[in-house]
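# Architecture at a glance
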2 protein chains.
Amino acid sequence: MDKRPSDVIVAGISQTPVGEFWDQSIRQLGIEAILDARKDAGGLVPEVLYVGNLLAVSASRQANLGTLLAENAGLRGIEGVTVEAADASGGAALRLAYLAVRSGAVNTAMALGVEKFTDVIGGASEAMLAHMLDADYEAAEGLTPVGLAALLFKRYLLEYEVDRDALAGFPETAHDNASVNPNAMFKYPMRPGVYQQAIVSEDFTLYDVAPYADGAAAVLLTREDCLPVGWDQPRVRLIGSSLVTDTLSIHDRHHPLEWDAARLSVERACRAAGIMPRDVDFFEVHDATTLHTVLSLEAAGFASQGQGWMLGKPETIGLGGQIPITTFGGLKARGNPIGAAGIYQAVEATLQLRGQAGTNQVQGAKLGLIQCLGGMASTAAVHVLAADNG
Amino acid sequence: MDKRPSDVIVAGISQTPVGEFWDQSIRQLGIEAILDARKDAGGLVPEVLYVGNLLAVSASRQANLGTLLAENAGLRGIEGVTVEAADASGGAALRLAYLAVRSGAVNTAMALGVEKFTDVIGGASEAMLAHMLDADYEAAEGLTPVGLAALLFKRYLLEYEVDRDALAGFPETAHDNASVNPNAMFKYPMRPGVYQQAIVSEDFTLYDVAPYADGAAAVLLTREDCLPVGWDQPRVRLIGSSLVTDTLSIHDRHHPLEWDAARLSVERACRAAGIMPRDVDFFEVHDATTLHTVLSLEAAGFASQGQGWMLGKPETIGLGGQIPITTFGGLKARGNPIGAAGIYQAVEATLQLRGQAGTNQVQGAKLGLIQCLGGMASTAAVHVLAADNG
């Protein structure tokens, strides 16, 4: 973890609340996040804007968000591109911004995640989300990401002989953390026992699926020598980054419950950062469903295969636990802004490492791991962030 | 133009023919281009795949092409992301691959452009293409990219007092060059006088608009020290790169016929390369319409404002002319594969600089400029490529 001149620093962050914003367009959400992140960065101007987004074409009939949002946020003329990797789009945009700053050809790069989903209802929204699966082999059969996760969840419970009621601790922890996060969609804890009663599809409950929502978040990256004069935020550095793909279809994998990209992405980012996963103070997982949470914890090595479900207890994953996850409520209770999710993770991790997480603070957090997944971990983007104590 | 260790080299290229391929899916087109580029690069394995594409979600209901195509081309586990910037998506993917290799975090990066458009017909296809305009202010009024270009073309003729018949040389040159390009969609010259008779909308003729088409092309980039043993292609280096945005809507510009992003992108890429635009041996323009060709030539400084139309003569833009353009037929006659267009430009420029352009060869070409535009030059990606004589 020696500091190098090429180190990438988080100069600014921002997030809108996550929720159903019928009175705001994707343009408005994006502008708000861009302006707020610039303000947080002491006015720093991004030379590059990478926009992580999945649904703008489907839901808002709008392509070329990079150009649209650069212009509308007063940044006409900068570099602007949309980056898509299913619901890992935010993590992918962060990765590209990281590479751009490291290249030396660019001094400042903003990764924006934005999604405007909730204007679309019913079957049309399911069809849009199914675009992130294999169109010919999965979506054509009527599968959706949540439907596929429900099938795999059933397989998980069966294969490892798990009582589904034992998994309540995952959404309960997320809701506990969201209850004190002003930007969360669900600002309340779950009543005891409600998880067990909320079955909507065989083994899957209402609380096993994160709510798709609207939101925008941004991270402005730069190098030490480009920080603006007078900028005085606690320094947080991006010290490891990876993006790994797996098969798009589940049927092509050697085992449907072993998520190779989720494992390799953690290994590669941690190796780049010179750390072990167990060194981190928290792990922001991509908890699109409880299945995602459990398999991610296993893939990252926090539990053996088939044992990740056992971690779902406050003393393990709570803010004061051994490996805190979903520290601001996660996708489950903060809300799932789809293509923006990976940027929310980076923003929340930065707040933790700056010591600005308020009631959601993981005490003494110095090292954080964030993982953003696309589909059934068909794509996995991982970043390691570190507080600078020097 | 001193060589540096960080120089980015074109290790491999490929292209499929451009046309209407009703028997091939976007998956098949993408796989073919990836495999062929790897073969051309002596088997080199890309660590990264950036896929330039605009329409896969709309036309093929398929997101996450980066993952899908990496896996299907036998590259499971590499980094894979889709890059979108309207019809500048290919140029944007090339830019990101360039930055990735320059970052040092990645040794080999493939920029793939792929588009499968022709399965969709009629109004649905027009609506898809309109996504690249401003949804709220342009597409909502019924504008399409070609419709908007036709209006601007009319304005051009009026403002600069130009006889539209004088522009015939642009499509005629493109068709002449396409007639000997085995990958072109229209492998025939235009009959004399046909341009003047082919009016389809006031001043716009059938020959002023490039045909949207299917196709895939790939470029594999690396650094000198990562070239495979035994690789013996003539070296072509990427020595300048830029991506610049303008307003998305035409109404926000200071003048509808001055394309700032087209100008700035050339200036920045040439400055990075240490050359002047007039030093280049050819200029691959984004000739989506004749308006695009004329305004690009003006923006790049090959003509003054309002005088670009005068360049449309074989002795100026032909293969042996002062500034050859559309050397393989351009979008107009080779065909317009939309989000793949920018990669076709890079492939064709590499063939010119390798001296492998066959009948389309610009004699003695050592330095090439390529420009890929999104919408009405709302996005402009420019690259400078150089033959290595050392």
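Here is what the cut-offs are and how they apply
- Residues numbered from 1 in each chain as written.
- Chains lettered and ligands numbered in written order.
- Predicted model: local features only at pLDDT ≥ 70, side-chain atom pairs only at ≥ 80, totals over all residues.
- Heavy atoms only, no water.
- Helix = DSSP H or I, 4+ residues; strand = E, 2+ residues; numbered from the N terminus.
- Expected span 1.5 Å × (residues − 1).
- Buried < 20%, exposed > 50% of the residue type's maximum accessible area, 1.4 Å probe, protein only.
- Least-squares fit on C-alpha atoms with pLDDT ≥ 70 in both.
- Contact = heavy atoms within 4.5 Å.
- Salt bridge = Lys/Arg side-chain N within 4 Å of Asp/Glu carboxyl O.
- Buried area = accessible area lost by both parts, 1.4 Å probe.

- Per an unreviewed UniProt entry, chain A goes by the name Acetyl-CoA acetyltransferase and belongs to Candidatus Brevifilum fermentans.

### Quick notes on helix H1 (residues 26-40) of chain A
All names here are of chain A.
- For H1, built from 15 residues, the straight-helix expectation of 21 Å at 1.5 Å per residue is met to within 8% by its first-to-last C-alpha distance of 21 Å.
- Within H1, the full set of buried residues consists of Ile 26, Arg 27, Leu 29, Gly 30, Ile 31, Ala 33, Ile 34, Ala 37, Arg 38 and Asp 40.
- Looking one or two places after H1, you find Gly 42, whose phi comes out positive at around 70 degrees.

### Thoughts on the relation of the copies chain B and chain A
- In the superposition of chain B on chain A (RMSD 0.0 Å, axial shift 0.0 Å), the rotation amounts to 180 degrees. Here the transformation between the copies is reduced to the relation of a two-fold axis. Measuring from the rotation axis to each C-alpha of chain B, the shortest distance belongs to Ser 103 of chain B, at 1.8 Å.
- Mapped onto chain A, 100% of the interface residues of chain B are again interface residues, and the two copies thus contact each other with one and the same surface.

### A few points about the pattern of salt bridges
All names here are of chain A.
- A full pass over the atoms with the stated rule returns 32 salt bridges over all chains.
- Between Asp 214 and Lys 116 there is a salt bridge; the shortest N-O distance is 3.1 Å. Remark: Lys 116 occurs in the loop between strand E4 (108-115) and helix H5 (123-130) and Asp 214 occurs in the loop between strand E6 (204-205) and strand E7 (215-223); sequence separation between them is 98 residues. Comparing Asp 214 with Lys 116 shows no difference in burial state: the two are buried.
- Between Arg 334 and Glu 348 there is a salt bridge, with the nearest N and O atoms lying 2.7 Å from each other. On the criterion of sequence distance, the pair formed by Arg 334 in helix H12 (residues 330-334) and Glu 348 in helix H13 (residues 341-354) is long-range, its members being 14 residues apart. Glu 348 shares its class with Arg 334; the two are buried.

### Things to note about the interface of chain B and chain A
- Each side of the interface is counted separately: chain B has 55 residues, and chain A has 55 residues.
- For the pairing of chain B and chain A, the buried interface totals around 4,400 Å² over both sides, and the portion due to carbon and sulfur atoms is 50%.
- Looking at the side of chain B facing chain A, the largest losses of area belong to Asn 64, His 131 and Thr 245 of chain B, adding up to 14% of the total buried there.
- Where chain B meets chain A, there are six salt bridges.
- Here Arg 27 of chain A and Asp 134 of chain B are joined by a salt bridge, their closest N and O atoms 2.7 Å apart.

### Observations concerning the environment of Met 276 of chain B
Residue and element names in this part refer to chain B.
- As for its placement among the helices and strands, Met 276 is situated in the loop between helix H9 (260-273) and strand E9 (282-284).
- Residue classification places Met 276 among the exposed residues on the basis of a relative accessible area of 55%.
- When the C-alpha positions of Met 276 and Ala 346 are compared, they lie 19 Å apart, and in sequence the two are 70 residues distant.

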